[in-house]
Amino acid sequence: MDAIKSLLSPLGMNTGALQDTLKLVVIGGTVETARRASVSAWNGFVDSFFLTAHFSQEDYPYDWLMHWLSKQPAWGRSREFDITTRAVGRNSLAQSTAGDLEEDEDEDDGLVHGRRKRKVQFMPSVDTTHTIYYRGHWLRITRTKRYPDSYGHGASLKISVVARNNDILKKLVLEAKREYEKDSEHRVHIFLADTSYACWRFNGSRQKRPMSSIVLQPGVKDMLLADCKDFLNSEEWYAERGIPFRRGYLLHGVPGSGKTSLIHSLAGELGLDIYVVSLSSKGMSDNTLTTLMSHVPSRCILLLEDLDAAFTRGVSRDSTSTGAPPPASSSSSTTSTTTTKETEASDGSTLSLSGLLNSLDGVAAAEGRLLFATTNHIERLDPALSRPGRMDVWINFTHATKWQAEGIFKCFFPSKPSGATESKAEEDSKEKDASQKNLPGSKRKSHKHAIPLLSEEEISELAKRFADAIPENELSVASLQGYLLKNKTRPRECVDEVAAWVQQERETREKIKQEKEKAEREAQEKKKAEEKEKEEKEKKEKEEKEAKEKQDRKGKKKARSEPKVDPSVSSDSADSSKSTSSSEGETTGADADTESVTSEEESDKEKATPSEDKKDKWVSVKGQSTSTSSAQTDSEANTSDSAT
């Protein structure tokens, strides 16, 4: 019996292991089924009760939401994040975000070796879901990127929330919009054209420039500002009369006269963004420019800088209206074609003037935008580009006048307040300084570039003296600004030294002019020398060729003039040649000279008068009947000789 039990014990053990295995399988299947059921139920719940909003980077709400998220503490406490020194938002409006890593260092204004310290930021990772609590609701936020190779390009944002209606998402978007507009109140956004994807890319924000800092001729600034405001408020007037709602401004004049600064100031005054397109950028074509123009917002400033230098192949149209310059001459057509192909291959721009004109006021062109174009050489522009309808207002920028010089000086050196205003300002500053001194560990330090405040009368007198020392319409506004920047803390010394600076500028310009003229002369002389050398080389080659042809003709004539020897009379001719040679051996040198002269005269005579051989040859080529008869005559002569 014991033996039987011992034999059956392995089966019993196997039966227990099998039961345990079956139990584990059942438990695992139950857990997996429950997991799948819960996931399915959760997905069904999400699909039934979650509201999802999508935001694309190509539109403004994406910027609003990213700016709002950068200030949320939960956004900076994400469980999965990227450590970066780049700004969280594309606009870089916020000086600090919730994910900044603070440093406790006593540095002057955060400057390290002349530049600001880099801020380390914790930014939530891409393709990861983050949860933020907002007004009694949990928001599930996911940020994705369409183009993984580029930083911040082609991104999108998805926000999901459990709610009965979408009021919570509306409140979120409006709140983000208000905060964004509040922080961007004193900044201008710049967008650049991306020819790779035919879209606009954010290039940063700039501080607004006050209109008071722009010093132009009296009335020009006010006229331009009033015209822009009137256009932006006249959309219905344009629609009622069937006129395209577009306005163009052409700013032309000398370099450094303040054209771009005026546009920046106008954008800040009108609250518009600036969209800059470079017509000569690589990959720019007619289709790309048309796509970019069609995606321009309705209320913005579209800037075309340096329009005269935008096209690498010219800005004037030829007979075919392609925008490319006509070839210089027919002889160099091959060279010009090759050069044009090489230029197109190198710059990658295939934009034509006709394509630019169609994109500015074509069917697909955007409306409601202010078009500003700047150029230093208006004479180079095609009339079709600068006509009214495309460029409605022309503004000429000249060199600085005395009136402008005086205004710029007053902008650089403001005067201190007088009377009660001065006493109140001094008291406020003293109280503020006292309070700052009592703070422990204060980081406040005196400004290194403090401008001395002078009285209004003294500033006016200095500005008048400065303007009198500046010549009329000779120096650019940029050069005046550069001189004042070097002396921004020395108003009195600046006026005393301006005469010497003007003289130095004149000498520098004269020196540059002389060097330029010298370089042009050397280039012309070098070109003339190369042309002369080339002509001499060609002349020499031509002479050598003529001499060679002349020698070939002499050899051919000598070969034709030699008599043919008949084989039948070879022995008689040999005897006669011996007798002739013996008799010729007795002749003198004078007779030999006479024979040579006579042979030369005979050869010259043969040159002067065409021989019968030449005539027969020409006839044989041109007339087949004559050549046939001459061939028959030769054959008869050979027959008679052989018979003899």
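Attention in this report is confined to the structure presented alongside it. (Residues numbered from 1 in each chain as written. Predicted model: local features only at pLDDT ≥ 70, side-chain atom pairs only at ≥ 80, totals over all residues. Heavy atoms only, no water.)

## Some words on the overall build of the chain
The helix and strand inventory of the chain stands at 21 helices and 16 strands. A total of 644 residues make up the chain; the buried ones form 29% of that total. Across the chain, every contact between residues at least 6 apart in sequence was considered, and the portion connecting residues at least 24 apart equals 74%. By element, 52% of the accessible surface of the chain is carried by carbon and sulfur atoms, the whole surface being about 41,900 Å². (Helix = DSSP H or I, 4+ residues; strand = E, 2+ residues; numbered from the N terminus. Buried < 20%, exposed > 50% of the residue type's maximum accessible area, 1.4 Å probe, protein only. Contact = heavy atoms within 4.5 Å. Areas by Shrake-Rupley, 256 points an atom, 1.4 Å probe, with all protein chains shown as cover.)

## A look at the pattern of salt bridges
The tally for this structure, following the rule as stated, stands at 18 salt bridges. The closest approach of N and O atoms between R387 and D361, which form a salt bridge, is 3.2 Å. Of this pair, R387 sits in the loop between α11 (383–386) and β16 (393–397) while D361 sits in helix α10 (residues 353–361); the two residues are 26 residues apart in sequence, bridging distant segments of the chain. Exposure remark for R387: the relative accessible area of 35% places this residue in the partly exposed category. For D496, the salt bridge is made with R465, and the minimal N-O distance between the two is 2.9 Å. With D496 in helix α16 (residues 491–496) and R465 in helix α14 (residues 456–469), the pair connects residues that are 31 residues apart, well separated along the chain. Owing to a relative accessible area of 38%, R465 belongs among the partly exposed residues under this scheme. Shared partners join several salt bridges into a network, and the residues in it are E32, R35 and R36. (Salt bridge = Lys/Arg side-chain N within 4 Å of Asp/Glu carboxyl O.)

## Quick word on the side chain of D382
Along the chain, D382 falls in the loop between β15 (370–375) and α11. Polar contacts involving the side chain of D382 include one to the main-chain amide nitrogen of A384, which spans 2.9 Å. (Polar contact = N/O pair within 3.5 Å; in protein donor to acceptor, adjacent residues only side chain to side chain.)

## Here's the deal with unusual backbone geometry
Residue D127 is not a glycine yet carries a positive backbone phi of 60 degrees. Positionally, D127 belongs in the loop between β6 (120–124) and β7 (129–134). For D306, which is not a glycine, the phi torsion comes out positive at approximately 50 degrees. D306 gets classed as partly exposed once you look at its relative accessible area, which sits at 40%.

## Digging into the nonpolar core
One finds L262, I274, I301, L370 and F372 to be the most contacted residues of the largest nonpolar core, which totals 29 residues. When residues of this core are traced back to their parent elements, those giving at least two are β10 (187–194), α5 (220–232), β12 (247–253), α7 (259–270), β13 (274–276), β14 (301–304), β15 and β16. With 28 residues, the next largest nonpolar core counts L289, L292, A373 and L385 among its residues. (Core = buried A, V, L, I, M, F, W, Y, C linked by side-chain atoms within 4.5 Å.)

## Quick look at the packing of helix α12 (residues 402–412) against helix α15 (residues 477–486)
The geometry of a pair of packed helices is captured by two quantities: the angle between their axes and the separation between those axes. Between α12 and α15, the least distance of the axes is 11 Å, while the angle of their chain directions is 35 degrees. Crossing of α12 over α15 shows right-handed handedness. In contact with Q404, A405, I408, F409 and F412 of α12, α15 contributes V477, L480, Q481, L484 and L485. (Axes fitted to C-alpha atoms, helices over the stretch in contact; angles between N-to-C directions. Left-handed = near helix turned anticlockwise from the far one by under 90°.)

## Structural notes on the packing of aromatic side chains
For the coordinates displayed, the defined rule picks out 15 aromatic pairs. Ring centres of W200 and Y275 lie 5.1 Å apart, and the angle between their planes is 90 degrees; on these two criteria the pair is classed as edge-to-face. With a gap of 75 residues between them, W200 in strand β11 (residues 199–207) and Y275 in strand β13 connect regions that are remote in the sequence. Here W200 and Y275 have matching classes, each one buried. Centre to centre, the rings of F409 and F413 are 4.8 Å apart; their planes meet at 45 degrees, and the pair counts as tilted. Of the two residues, F409 and F413, neither departs from the other in class, the shared state being buried. In this structure an aromatic cluster arises from ring pairing among F409, F413, F466, Y483 and W501. Lying across the ring of F50, R140 places its NZ or CZ 5.6 Å from the centre. (Phe/Tyr/Trp six-rings, centres within 6.5 Å; stacked < 30°, edge-to-face > 60°. Lys NZ or Arg CZ within 6 Å of the ring centre and 35° of its normal.)

## Considerations on the packing of helix α2 (residues 60–69) against helix α4 (residues 167–183)
Packing of α2 against α4 brings their axes to within 8 Å, and their N-to-C directions diverge by 85 degrees. When the interaxial angle is binned, α2 and α4 end up roughly perpendicular. Contact residues: D63, W64, L65, H67 and W68 in α2; L172, V173, E175, A176, K177, E179, Y180 and D183 in α4. For the contact of α2 with α4, the residue count by class is 7 nonpolar, 1 polar and 5 charged. (Parallel < 35°, antiparallel > 145°, perpendicular 65-115°, else oblique. Nonpolar A, V, L, I, M, F, W, Y, C, P; charged D, E, K, R; others polar.)

## Comments concerning the pairing of strand β8 (residues 137–145)
Relative to β8, β7 runs antiparallel, the two being bridged by 6 bridges. Note that in β8 the partner of T131 across the bridge is R140. The turn linking β7 back onto β8 is made up of 2 residues, and R135 within it adopts a positive phi angle of 55 degrees. Relative to strand β9 (residues 155–162), β8 runs antiparallel, the two being bridged by 7 bridges. Along β9, the bridge assignment pairs T142 with K158. (Pairing = 2+ DSSP bridges.)

## Thoughts on the sheet that holds β11
The 7 strands lie next to each other as β11-β10-β13-β14-β15-β12-β16, forming an open sheet whose pairing is mixed. Of all the strands in the sheet, the pair left with one neighbour each is β11 and β16. The average undirected angle you get between the axes of adjacent strands in this sheet is 25 degrees. Inspection of the sheet shows β10 paired to β13 by 3 bridges, in the parallel sense. The partner of F191 across the bridge, within β13, is Y275. Most of the contacts of α5 go to β12, to which it runs at about 160 degrees, and overall it touches β12, β15 and β16. Running over the sheet, α7 touches β10, β11, β12, β13, β14, β15 and β16 and is turned about 165 degrees from β15.

## Re the sheet that holds β8
Reading across from one edge, β1-β9-β8-β7 is the order of the 4 strands in this open sheet, with antiparallel pairing throughout. Two strands lie at the open edges of the sheet, namely β1 (50–56) and β7, each paired on one side alone. The mean inter-strand angle of the sheet, taken between neighbouring strand axes irrespective of direction, is 25 degrees. Most of the contacts of α2 go to β9, to which it runs at about 70 degrees, and overall it touches β1, β7, β8 and β9.

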